[in-house]
Amino acid sequence: MSEAEWTLLTELAPVEPVRTEAYGDDPAQVIDLYGKGTGPRVTVLHGGFWRQSYDRGYLSPFAAALGEEGFSVELVEYRRIGGGGGWPQTAEDVDAALTHLGGPPRVLLGHSAGGQLALWAAATRERAADRVIAVAPIADLARAYDMGLSDGAVAEFLGGQEGVAAHMPEADPMRLLPRVAVEVVHGTADLDVPIELSRRYVNNWGARLQLMTGIGHFTPFIPTKPAFKTLVSMIRR
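For the structure given in this document, a descriptive report is provided here. (Residues numbered from 1 in each chain as written. Predicted model: local features only at pLDDT ≥ 70, side-chain atom pairs only at ≥ 80, totals over all residues. Heavy atoms only, no water.)

## Some thoughts on the environment of Tyr54
Consideration 1: In this structure, Tyr54 sits in the loop between β3 (41-45) and α2 (60-68).
Consideration 2: In this structure Tyr54 comes out as partly exposed when scored by relative accessible area, which is 23%.
Consideration 3: For the pair Tyr54 and Arg236, spaced 182 residues apart in the sequence, the C-alpha separation amounts to 27 Å. (Helix = DSSP H or I, 4+ residues; strand = E, 2+ residues; numbered from the N terminus. Buried < 20%, exposed > 50% of the residue type's maximum accessible area, 1.4 Å probe, protein only.)

Printed below as a string of structure tokens:
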């Protein structure tokens, strides 16, 4: 993990949402809302290799700052590995959250594992959003599995070796044609998710790739960093 970036991000004080809505009975099936509720909608899916130890909290300062930029931000939580999640429950939660929120947002933004979920939604929902922006996404599950990324996170997510064989075709964005415009954003200094995964995805589906030179895995979500402003410009575009 990019420890220095992660520390900078997690040292920011968490920001309470304007309100929280439930889209299911599980405590993890909630959505935090930020902003005044009048701007263009941005739905955000956090990362953390789909594991219970990472939740939406690390993106609360980002969501609040994005709200201050004039957007209506919907920060989605979902069940994760170790908390009733994994495949297909995690994806089912994302689908249920998007249905709960109503019509498609202006942007569906996913970070890391949340990028995989956003790309999955882009392919499986009739219209997941006007645009999908996937930041440092795990966009090629098969390749990430072969690399043993994050101590075998993909196998863990899909339910072990049998799950990999059974569920890879329905979970891997590389096998799922997106139905809306997709933009992939990746820092060239990312130490957590290899940029190769994004290059393979955009080459496969013709999506747009925006490189952030010298930027790591978490920096675009730190509101005090220039990379945050760059990401805001992409969302606004």
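Anyway, onward from the coordinates.
## What about the packing of aromatic side chains?
Consideration 1: In total, this model carries ten aromatic pairs according to the counting rule given.
Consideration 2: Ring centres 5.0 Å apart and planes at 50 degrees place the aromatic pair Trp6 and Phe218 in the tilted group. Of the two residues, Trp6 is situated in helix α1 (residues 3-10) and Phe218 in the loop between β8 (208-212) and α9 (226-236); the sequence distance between them amounts to 212 residues.
Consideration 3: Pairing Phe49 with Trp50 gives two aromatic rings, centres 6.5 Å apart and planes at 75 degrees, and the pair type is edge-to-face. (Phe/Tyr/Trp six-rings, centres within 6.5 Å; stacked < 30°, edge-to-face > 60°.)

## Brief notes about the packing of helix α6 (residues 149-158) against helix α7 (residues 160-171)
Consideration 1: For the pair α6 and α7, interaxial distance at closest approach is 7 Å and the crossing angle is 80 degrees. As judged from the angle between their axes, α6 and α7 are roughly perpendicular. In contact with Val154, Ala155 and Leu158 of α6, α7 contributes Gly160, Gln161, Gly163, Val164, His167, Met168 and Ala171.
Consideration 2: Residues belonging to the contact of α6 with α7 are distributed by class as follows: six nonpolar, four polar and no charged. (Axes fitted to C-alpha atoms, helices over the stretch in contact; angles between N-to-C directions. Parallel < 35°, antiparallel > 145°, perpendicular 65-115°, else oblique. Contact = heavy atoms within 4.5 Å. Nonpolar A, V, L, I, M, F, W, Y, C, P; charged D, E, K, R; others polar.)

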